[in-house]
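Okay, here's what each chain looks like letter by letter:
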There are 2 protein chains.
Amino acid sequence: MLQTNTNYLGVSENYLFSTIAQKIKAYVADHPDRDIIRLGIGDVTLPLAPAVISALQSAVDEQSHQETFRGYSPDLGYDFLRRTISEQDYMSRGCRIDPDEIFISDGAKCDIGNLQELFSENTDVAICDPVYPVYADSNLMAGRNINYMPCREEFGFLPDPAASGSDPCLIYLCFPNNPTGAAITKGELQLWVDHALKTGSVIIYDAAYEAYISDPSLPHSIYECKGAEACSIEVRSFSKNAGFTGLRLGFTVIPKELRINGTSLHDMWARRHSTKYNGAPYIIQRAGEAVYSPEGRKQTRSQIDYYMRNANLIMSTLKDAGYSVTGGLNAPYIWMKTPGTLSSWEFFDLLLEKAQVVGTPGSGFGACGEGYFRLTAFGEYEKTKEALSRIVNLI
Amino acid sequence: MLQTNTNYLGVSENYLFSTIAQKIKAYVADHPDRDIIRLGIGDVTLPLAPAVISALQSAVDEQSHQETFRGYSPDLGYDFLRRTISEQDYMSRGCRIDPDEIFISDGAKCDIGNLQELFSENTDVAICDPVYPVYADSNLMAGRNINYMPCREEFGFLPDPAASGSDPCLIYLCFPNNPTGAAITKGELQLWVDHALKTGSVIIYDAAYEAYISDPSLPHSIYECKGAEACSIEVRSFSKNAGFTGLRLGFTVIPKELRINGTSLHDMWARRHSTKYNGAPYIIQRAGEAVYSPEGRKQTRSQIDYYMRNANLIMSTLKDAGYSVTGGLNAPYIWMKTPGTLSSWEFFDLLLEKAQVVGTPGSGFGACGEGYFRLTAFGEYEKTKEALSRIVNLI
């Protein structure tokens, strides 16, 4: 027989950000003269750092000579990058993650979308609400049931480990959080690790925004928690810490210690990588390596500072105007309450039509996001300032 | 509950080419002084064409300035590349494939591995034997049954449409073929399209090697056959026609006309792309565009001619030495019979140990590949010549 995967019927017809893009496109078609400011999708606006550009140029040059040309990358990533990540992201923070526990990919989104394949169809999945849509959509497409864990303002938008149940399941966590901007302390994250170890669950920890942490006491990696190697997978991105949204680079850590009924998830992921993937481009892995050089670190740090200056501006301006806002301290996202009784999409339409500012409706991230709205700090400073003055003048 | 995807137990522990890489590594460790010549994996050896390098350099430069920086690509690919492909690969050959029926990706291997997700778990799958392992492995990992269609020398290594059965199923075809190098005529391919239309089957047509066709009467695309838009998906690669093995770029064509019980596979693939993928890098899509420029066409043509000169040399030398060889005329692969009663892996070991030449054992591509051996034309000319003299002197 031949049949389509009917699980696709369980996801909404469009990916959230595709829907927003279509709404903007329609508005622009009707109002070609309006100047739209986009604080919606989390795309960066600063150009690539000089150290990254210079690494790209050298690597492109290597690809032009027979002696230095490189074809297929190693499926799991070049050693030079895996070693650098191991040393600078993990060993330096006391986490024993070896280079061969790090899998280089073309981005955190792909890894997040594909990791669920390692689990059986009837695995239970626990996901925060509100949440980055990929965790939910990729599992719905595979026909799994999802247990949504509400993240409410009164608890700092943190989910409660008890909400994932007492049976073994697959738990998705993201801190600093997209979309709420909430951060988690080491003690709070340790409770999750302890819970996973106790119930036999696996945590997929999305640490894409760790570079935005300003509070030195907060954990950058789940492996800073005791016992995490036996129950956690961590996903990281170069998109937000170094502006690689258009270059595509990320990685996933699966410790060798992590096993389910004796089966190594590390080995399964290696098998998947070698079968359905062909490695990230050499020139882009070299660009990734440059992010960790002394110049690269300094330059990307100053990009993050630039965006966090936007975050501060958004937070303080909206607060002064009487809005209720959270996030934005250890994350590039500001999570605001919509004014009055406006729904998230009503506020989206209002902002687009009256202020020509684009944000992301909180309800697009889940039912608990209704009545909230996400703004990103990734815009240009002057434009962000202008957007805020338009929002404030709306009231 | 939490369980691993036990379908992974149905695939061999290692991907074929990973096994070969491990064997070579072990041999090199024991014999560090030996000069190994690799005619195994289909990786190219010539550097990127000047037109491609120049496009990469310009695009990298754009990424270094705020005014020209580009972040997230459109999920489905940049219009400039989709339009170029539509015009130059399809419209020019009389195939009506619109730009929005073309999905840009980071390589044919990923698309080939992921396309099966659009189909239900109990979809029947028909695959050639011998075959590129990804078709089989990706379906085994999803728990599907595979019906292998034998491709035997007496029938020019072409499968018989009747072998896929009379029920609707998912059929994988690859021409010019990897690993046998066999080509298909337009008339023979039309039989497959007619068969698919009659049975309600879908063909996934892997045309990664179309650039190696020298016989002008052979089809480069399945859409040259009548009715193919209603039953066929086509996958293409920049790896072999322009040396992008280390850059990663490919595309998949899904015509809007292709529906299963009213469901559009085009829309499903768009939903998958936007959920689990984030677009190919801008700089690499610009490099892909340059392949179609007049200089790009000329330069990549001369690369293909270089490799086909190797193919001719391999064919004629082995024939003269009494070997039975096929392929190599419209494909960069030469498919040879192992001498005497040697199995494919025995011949692999013999060549590695006695001649330090690496090829690919035919049995690695399926049971019908036993007793055969694949050599690739992607080596350097002088090294290919040296490898042949070592092989010939073995006898």
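Quick caveat: nothing in here was measured; it's all calculated off a predicted structure.

Undergrad: Hey, could you go over the overall build of chain A for me, with residue numbers and the actual values?
TA: Regarding its fold elements, chain A presents 12 helices and 15 strands. By principal-axis analysis of the C-alpha atoms, chain A measures approximately 55 × 55 × 55 Å. Expressed as a percentage of the 395 residues in chain A, the buried residues total 64%. Within the structure as shown, chain A displays about 14,000 Å² of accessible surface, and the carbon and sulfur contribution to it stands at 50%. Put simply, chain A has 35 plus and 47 minus side-chain charges, and the middle of one group is 2 Å from the middle of the other.

Undergrad: Outline the packing of helix α10 (residues 294–320) of chain B against helix α12 (residues 381–394) of chain B, listing residues and values.
TA: Residue and element names in this part refer to chain B. Where α10 meets α12, the closest approach of the two axes is 10 Å, and the angle between their N-to-C directions is 15 degrees. Judged by the angle between their axes, α10 and α12 are roughly parallel. Viewed along their axes, α10 and α12 form a crossing whose handedness is right-handed. Residues Tyr306, Arg309, Asn310, Leu313, Ile314, Thr317 and Leu318 of α10 form the contact with α12, whose participating residues are Tyr381, Thr384, Lys385, Leu388, Ile391 and Val392. A per-class count over the contact of α10 with α12 returns eight nonpolar, three polar and two charged.

Undergrad: Quick one: what's the story with the sheet that holds strand β12 (residues 333–337) of chain B, residue by residue and with numbers?
TA: All names here are of chain B. Read from one edge to the other, the open sheet built from four strands follows the order β11-β12-β15-β14, with strand pairing classed as antiparallel. Looking at the sheet topology across the chains shown, the edges are occupied by β11 (325–327) and β14 (360–361). Pairing of β11 with β12, which is carried by three bridges, proceeds in the antiparallel orientation. Opposite Val325, over in β12, you have Met336 as the bridge partner. Set on the sheet, α10 makes contact with β11, β12 and β15 (372–376); between it and β11 the angle comes to about 155 degrees.

Undergrad: Please give an account of the confidence of the model for chain A that cites residues and values.
TA: Model confidence for chain A is summarised by a mean pLDDT of 96, while 100% of its residues fall at 70 or above. The ipTM, which scores confidence in the relative placement of chains, is 0.96 for this predicted complex, and the corresponding pTM is 0.96.

Undergrad: Outline the interface of chain A and chain B, supporting the account with residue identities and numerical values.
TA: Contact residues are listed per partner, giving 80 residues for chain A and 80 residues for chain B. In this assembly, chain A packs against chain B so that about 6,700 Å² is buried in total across both faces, 58% of it on carbon and sulfur atoms. Counting the contacts that link chain A with chain B gives two salt bridges. Of the charged contacts in the structure, one is a salt bridge between B:Arg271 and A:Asp137, with a shortest N-O distance of 3.2 Å.

Undergrad: Explain the pattern of salt bridges to me, using residue names and the numbers behind them.
TA: Where charged atoms of side chains with opposite charge meet at close range, the side chains can pair. Residue and element names in this part refer to chain A. A complete count under the given rule lists 30 salt bridges over all chains for this structure. For the salt bridge of Glu117 with Lys276, the shortest nitrogen-to-oxygen distance reads 2.8 Å. Taken as a pair, Glu117 in the loop between α4 (108–115) and β3 (125–129) and Lys276 in helix α8 (residues 265–276) lie far apart in primary sequence, 159 residues in all. Of the two residues, Glu117 and Lys276, both sit in the buried class. Put simply, Asp89, Glu210, Glu234 and Arg236 are held in one network by salt bridges that share partners.

Undergrad: Kindly report on the pairing of strand β8 (residues 250–253) of chain B, identifying the contributing residues and their values.
TA: All names here are of chain B. Here β8 shows a buried face lined by Gly250 and Thr252 and a second buried face lined by Phe251 and Val253. Two elements, strand β2 (residues 102–105) and β8, share four bridges in a ladder whose sense is antiparallel. Looking at the pairing, Ser105 lines up with Gly250 of β8. Sheet topology note: the strand β7 (residues 232–237)/β8 ladder contains four bridges and is antiparallel. Across the sheet, residue Ser237 finds its bridge partner in β8, namely Gly250.

Undergrad: So what about unusual backbone geometry? Which residues, and what values?
TA: Residue A:Pro176 is bonded to the preceding A:Phe175 through a cis peptide linkage, with omega at -10 degrees. With respect to the secondary-structure elements, A:Pro176 resides in the loop between β5 (170–174) and α6 (186–199). The phi dihedral of B:Asn261 falls on the positive side, at around 45 degrees, and the residue is not glycine. Relative to the helices and strands, B:Asn261 resides in the loop between β9 (259–260) and β10 (263–264). With a relative accessible area of 73%, B:Asn261 lands in the exposed category.

Undergrad: Explain the relation of the copies chain A and chain B residue by residue, including any values.
TA: Each copy of the sequence occupies a distinct position, and chain A is placed on chain B by a rotation of 180 degrees and an axial shift of 0.0 Å, giving an RMSD of 0.0 Å. Each copy turns onto its partner about a two-fold axis. When C-alpha positions in chain A are compared against the rotation axis, the closest is assigned to A:Gln57, at 3.4 Å. Most of the interface of chain A is mirrored in chain B: 100% of its interface residues are interface residues there too.

Undergrad: Residues and numbers for the sheet that holds strand β5 (residues 170–174) of chain B, please.
TA: Pairing between sheet strands relies on hydrogen bonds along the backbone, with the strands arranged either parallel or antiparallel. Residues and elements named next belong to chain B. Ordered in space as β2-β8-β7-β6-β5-β3-β4, the seven strands form an open sheet in which the pairing is mixed. Either end of the sheet is taken by a strand with one partner, and the two such strands are β2 and β4 (146–150). Put simply, the sheet's adjacent strands are angled 20 degrees from each other on average, direction ignored. Here strand β6 (residues 202–206) runs beside β7; their pairing, made up of four bridges, is parallel.

Undergrad: Summarise helix α5 (residues 133–141) of chain A; cite the residues concerned and give the values.
TA: Of all nine residues that make up α5(A), eight are buried, and the element is covered over most of its length. A:Gly143 occupies a position one or two residues after α5(A) and carries a positive phi of about 85 degrees.

Undergrad: Tell me what's going on with the side chain of A:Gln190, and back it up with residues and numbers.
TA: All names here are of chain A. With respect to the element layout, Gln190 can be found in helix α6. Its relative accessible area of 19% is what places Gln190 among the buried residues. Sequence-distant contacts of Gln190, defined by excluding residues within four places in its chain, comprise Cys225 and Lys226.

Undergrad: Can you lay out the packing of aromatic side chains for me, pointing to particular residues and giving the numbers?
TA: Under the defined criterion, the tally for this structure stands at 42 aromatic pairs over all chains. With centroids separated by 5.9 Å and ring planes inclined at 85 degrees, the aromatic side chains of A:Tyr212 and A:Phe378 adopt a geometry described as edge-to-face. One end of the pair, A:Tyr212, is in the loop between β6 (202–206) and β7 (232–237); the other, A:Phe378, is in the loop between β15 (372–376) and α12 (381–394), with 166 residues separating them in the sequence. A single burial state applies to A:Tyr212 and to A:Phe378, both of which are buried. Judged by centre distance (5.1 Å) and plane angle (75 degrees), the ring pair of B:Tyr307 and B:Phe378 falls under edge-to-face.

Undergrad: So, the packing of helix α2 (residues 50–62) of chain B against helix α9 (residues 282–291) of chain B: which residues are in play, and what are the values?
TA: Residues and elements named next belong to chain B. At a minimum axis separation of 8 Å, α2 and α9 run at an interaxial angle of 150 degrees. Here α2 is positioned roughly antiparallel relative to α9, judged by the angle of their axes. Taken as a pair, α2 and α9 cross one another with a handedness that is right-handed. Along the contact surface, α2 presents Ala51, Val52, Ala55, Leu56, Ala59, Val60 and Glu62, while α9 presents Tyr282, Ile283, Ile284, Arg286, Ala287, Ala290 and Val291. Considered class by class, the residues forming the contact of α2 with α9 number 12 nonpolar, no polar and two charged.

Undergrad: Please set out the side chain of B:Thr338 residue by residue, giving values where relevant.
TA: Residues and elements named next belong to chain B. Along the chain, Thr338 falls in the loop between β12 and α11 (344–355). Judged by relative accessible area, Thr338 falls into the buried class, the value being 7%. Side-chain polar atoms of Thr338 contact the backbone oxygen of Leu342, separated by 2.6 Å.

About the criteria used
- All residue numbers here refer to positions counted from 1 along the written sequence of the relevant chain.
- Here every chain gets a letter starting at A, and every ligand a number starting at 1, in the order they are written.
- Local features in a predicted model are, by the rule used here, given only for residues with pLDDT of at least 70; side-chain atom pairs are given and counted only at 80 or more, and totals for whole chains, interfaces and linings are based on all residues.
- To obtain the side-chain values, all non-hydrogen atoms of the structure were used and water was disregarded.
- Each helix corresponds to a stretch of at least 4 residues labelled H or I by DSSP, and each strand to a stretch of at least 2 residues labelled E; elements are numbered beginning at the N terminus.
- Think of it in three bands: residues with accessible area under 20% of the maximum for their type are buried, residues over 50% are exposed, and the middle band is partly exposed, with areas taken using a 1.4 Å probe on protein chains only.
- Note on areas: Shrake-Rupley with a 1.4 Å probe; residue coverage comes only from the protein chains shown.
- When charges are counted, Lys and Arg are positive and Asp and Glu negative, with His and the chain ends excluded.
- Charge placement uses NZ in Lys and CZ in Arg. For Asp and Glu, CG and CD serve respectively.
- Lines are fitted to the C-alpha atoms to define the axes, a helix being fitted only along its stretch in contact, and any angle between axes, read from their N-to-C directions, falls within 0 to 180 degrees.
- Each angle receives one of four descriptions, namely roughly parallel if under 35 degrees, roughly antiparallel if over 145, roughly perpendicular if within 65 to 115, and oblique otherwise.
- Helix crossings fall into two classes, left-handed where the near helix is turned counterclockwise from the far one by less than a right angle and right-handed where it is turned clockwise.
- It only takes one pair of heavy atoms within 4.5 Å for two residues to be counted as in contact.
- Residues are grouped as follows: nonpolar covers Ala, Val, Leu, Ile, Met, Phe, Trp, Tyr, Cys and Pro; charged covers Asp, Glu, Lys and Arg; every other residue, Gly included, is treated as polar.
- Strands qualify as paired when DSSP identifies two bridges or more between them.
- You can read pLDDT as the predictor saying how much it trusts each residue, on a scale of 0 to 100.
- What gets called buried area is simply the loss in accessible area from a 1.4 Å probe that two parts show on being joined, summed for both.
- Only one rule defines a salt bridge in this text: a Lys or Arg side-chain nitrogen within 4 Å of an Asp or Glu carboxyl oxygen.
- Superposing the copies works by least squares over the C-alpha atoms of residues that have pLDDT at least 70 in both of them.
- To pair, rings of Phe, Tyr and Trp, with the six-membered ring standing in for Trp, must have centres within 6.5 Å; the planes then decide the type, stacked if under 30 degrees apart, edge-to-face if over 60, and tilted in the middle.
- For this analysis, a polar contact is any N or O atom pair within 3.5 Å, provided that within protein one partner can donate a hydrogen and the other can accept it, and provided that sequence-adjacent residues contribute only side-chain to side-chain pairs.

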